[in-house]
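# Tertiary structure, described
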Amino acid sequence: KIRIGAHNLFIESQRYGRNRKDRHERKCILCTHQDIEDEYHFIIKCNKYEDLRKTFIPRHYYHHPSMAKFLDLLNCENKCILLKLGKYIQQATRIRNLSI
């Protein structure tokens, strides 16, 4: 779902309908970064999921983050890393849904 944009992050969910907001207004309400809540922010930057990220995602990807590292993570062929990424997304989504 993350790869194809079929998720409930604000970057997509506030794109259409009555609650439509301009792109720059679709910010994460769970952290202090005031960044747009997109896939990159959700997986790599949001401090709400910092402990979870440390548990499931190799430090290389979120230490000095970049879009190139993020894309490498999503396109990784290492099954172990992808399984952990999936667990991270699943648990972070649950936390997000309970917090909103």
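Residues numbered from 1 in each chain as written. Predicted model: local features only at pLDDT ≥ 70, side-chain atom pairs only at ≥ 80, totals over all residues. Heavy atoms only, no water.

### Quick notes on the overall build of the protein
Quick reminder of the rule: Strands here are runs of E lasting at least two residues and helices are runs of H or I lasting at least four, both read from the DSSP assignment and numbered beginning at the N terminus. The globule rule used for comparison is 2.2 Å times the number of residues to the exponent 0.38, while the radius of gyration itself is calculated over C-alpha atoms.
Per the secondary structure count, the protein includes six helices and zero strands. For the protein, the α and β elements follow one another from N to C terminus as α-α-α-α-α-α. The C-alpha atoms of the protein give a radius of gyration of 13 Å, which matches the 13 Å a tight globule of 100 residues would have. By its C-alpha atoms, the protein is 40 × 25 × 25 Å across when sized along the principal axes.

### Some points on the side chain of His41
Where we set the bar: Using a 1.4 Å probe on the protein chains alone, a residue whose accessible area is under 20% of its type maximum counts as buried, one over 50% counts as exposed, and one in between counts as partly exposed. Whether two residues are in contact is decided by their heavy atoms, any of which lying within 4.5 Å being enough.
Structurally, His41 is set in helix H2 (residues 39-45). Overall, the relative accessible area of 1% leaves His41 in the buried class. Setting aside anything within four residues of it in sequence, one finds His41 in contact with Cys28, Cys31, His33, Asp35, Ile36, Cys46 and Arg53.

### Points about the confidence of the model for the protein
Low pLDDT means the predicted coordinates in that region are not meant to be read closely. Note the following rule: Every residue carries a pLDDT, the predictor's confidence in it, which falls somewhere between 0 and 100.
Summarising the model, the protein shows a mean pLDDT of 89, and 97% of its residues fall at 70 or more. At the level of individual helices and strands, the protein shows its lowest average pLDDT in helix H1 (residues 10-13), which scores 75, and its highest in helix H3 (residues 50-56), which scores 96.

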